[in-house]
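# Summary of structural features
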Amino acid sequence: MTYRITGKSGEWELVCGLEVHCQIISESKVFSGASAAFGAAPNQHVAFLDAGFPGQLPVLNIKCVEQCIKTGMGLNAKINKHSVFDRKNYFYGDLPTGYQITQLFYPIVGEGYIEVETEDGKRKIGVERLHLEQDAGKSIHDMHPTYSYLDFNRTGVGLMEIVSKPDIRSPEEAGDYLRKLRAMVRYLGTCDGNMDEGSMRCDINVSVRLVGETEFRHRVEIKNVNSVKFVMQAIDLEAHRQVELYEAGESFPQETRLFDAASGETRSMRSKENALDYRYFPDPDLPPLELTDEYIENIRKNLPELPEAKRLRFIEQLGLPEYDAGILVADRDTAAYFEKAAQGQDAKKVANWVMGDLFAALNKDCLAITQSPVAPEQLGALVGLITQGVISGKIAKEVFEEMFKTGKNPDVIVKEKGLEQVSDTGAIEAMIAQILADNMDKVAEIHAGKDKLKGWFVGQIMKASQGKVNPGLANQLLDKKLAETKA
Ligand code: MN
């Protein structure tokens, strides 16, 4: 279904682009030696440089450069061997230097793309650029009725700003773009992707136009939306707002708006500034960044497997259905857990256990998969016990529950509780003979043609054996014993 808004003047389409700021995972800030760790008490991680003291000079953190290049490779993008740092000048309390160091004219990463899934198949959303810049501090306005507080811990932390092309045509595509990007940076270990903690922040550019128009109409920017769901909501709201205004013959300004999740509205924040307003110029304290082919290729060689490659491998090598593969690779930790559990086991069965019982149990206890009381090797061993016929699938559920509670190995639980499947046919036959003898009236009915009653007998056998008889074997032996009673 193509996303369209119907108005009096015709069908409108969405034109949307995203600017995503990703906080770089690194020990220290991008131009100072202060810690980049999240969550410290206010103003504990501040170097003189971050606080804008005179006489301080920036030193580029090469780890941040490496993280940008990795992410650029994940975006299938061109890595620029030559890039330049610029000053973006503006005043705000949480920016003590009065300028932000960023890359306007020569970013470190050029054009690339992210592939998204739509109902009409896959689409490539173009990426315009990725540039390296520093974060500003945090202004806290809600701790005192008349004062604002400043926390400089975040001042100078490295950011990757990833700018998409205006290729997004529906809120769903925007959502998928963000999810794909988030999975990718998490796989690469370049950003933790936590939107609610602000380590991944999204600005949205929205405009609309009548289907068939080739020019872009003017756009509205929505700042700092902090969840995938809110991004999708904000886009849909803003697109409808603009269509209504056009249809009413009203004009609206090119401006920056804020999304209020509580009221579900966007509201005006300021008129949109443009690049000229910031008086960008190359930072005189930082030489241009020149990278060698060797340096770049060395990073490429050590790149971990990315979600898309992993997904294809799960389908082709492990024989998983597309659906299962898609779910399992969406999160790096889940993929790693599954791969360990599936080692030497039936991969499809392991996938079922991960996506079924394990996800349910983790959800119930609000645990991440890395905190699972059942280790991947243990889940693999459980599946092994089913495959080898030691326990039935039904008993396995009981064993799994016990594993989740106690962390014990499945074979230990099976032994302790005597849950092995009965495969001694002599014992099963004796059990069946007894059940038949106790229910001769029903046996007679079966002989008279009421075949459906066989199911009832299988139920009795399962009950008598507490589920430890393999149902296939039970059926087979039941037929044998019924034939004997007939003769
Ligand atoms: Mn930026």
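Everything quoted here is computed from the prediction, not taken from an experiment.

Backbone-to-backbone hydrogen bonds join strands into a sheet, with any given pair of strands oriented parallel or antiparallel. Taken in spatial order, the three strands make up an open sheet running β5-β4-β15, and their pairing is antiparallel. Each end of this open sheet is capped by a strand with a single partner; those strands are β5 (99-102) and β15 (281-282). Note that strand β4 (residues 86-89) and β15 share two bridges and pair antiparallel. In the sheet register, Asp-86 faces β15, and the bridge partner there is Pro-282.

Let's shift gears to the packing of aromatic side chains. To describe a pair of aromatic rings, one takes the distance between the centres and the angle between the planes. Evaluated as defined, the whole model comprises 11 aromatic pairs. Pairing Phe-48 with Phe-53 gives two aromatic rings, centres 5.0 Å apart and planes at 45 degrees, and the pair type is tilted. What makes Phe-53 partly exposed here is its relative accessible area of 43%. Ring plane angle 80 degrees and centroid distance 5.0 Å describe the contact between Trp-456 and Phe-457, whose orientation is recorded as edge-to-face. The partly exposed category is assigned to Trp-456, whose relative accessible area is 30%. Judged by relative accessible area, Phe-457 falls into the buried class, the value being 0%. One aromatic cluster is present, built from ring pairs that chain together Trp-12, Tyr-246 and Phe-252. For the cation-ring pair, Lys-124 lies above Tyr-113, with the distance from its terminal atom to the ring centre recorded as 4.5 Å.

This paragraph deals with the packing of helix α2 (residues 171-188) against helix α3 (residues 228-247). Where α2 meets α3, the closest approach of the two axes is 8 Å, and the angle between their N-to-C directions is 155 degrees. In terms of axis orientation, α2 runs roughly antiparallel to α3. Classified by chirality, the crossing of α3 by α2 is right-handed. For the pair α2 and α3, contact is made by Pro-171, Glu-172, Ala-174, Gly-175, Leu-178, Arg-179 and Arg-182 and by Val-228, Val-231, Met-232, Ile-235 and Asp-236, respectively. Considering only residue class, the contact of α2 with α3 consists of seven nonpolar, one polar and four charged.

Overall, the coordinates contain zero disulfides when judged by the stated rule. Here Cys-64 stays unpaired: no disulfide links it, and the sulfur of Cys-68, its closest cysteine neighbor, is 7.0 Å away. Owing to a relative accessible area of 1%, Cys-64 belongs among the buried residues under this scheme. In this model Cys-202 remains outside any disulfide bridge; the closest cysteine sulfur is found in Cys-16, 7.9 Å from its own.

Definitions and limits used
- Residues numbered from 1 in each chain as written.
- Predicted model: local features only at pLDDT ≥ 70, side-chain atom pairs only at ≥ 80, totals over all residues.
- Heavy atoms only, no water.
- Pairing = 2+ DSSP bridges.
- Helix = DSSP H or I, 4+ residues; strand = E, 2+ residues; numbered from the N terminus.
- Phe/Tyr/Trp six-rings, centres within 6.5 Å; stacked < 30°, edge-to-face > 60°.
- Buried < 20%, exposed > 50% of the residue type's maximum accessible area, 1.4 Å probe, protein only.
- Lys NZ or Arg CZ within 6 Å of the ring centre and 35° of its normal.
- Axes fitted to C-alpha atoms, helices over the stretch in contact; angles between N-to-C directions.
- Parallel < 35°, antiparallel > 145°, perpendicular 65-115°, else oblique.
- Left-handed = near helix turned anticlockwise from the far one by under 90°.
- Contact = heavy atoms within 4.5 Å.
- Nonpolar A, V, L, I, M, F, W, Y, C, P; charged D, E, K, R; others polar.
- Disulfide = S-S within 2.5 Å.

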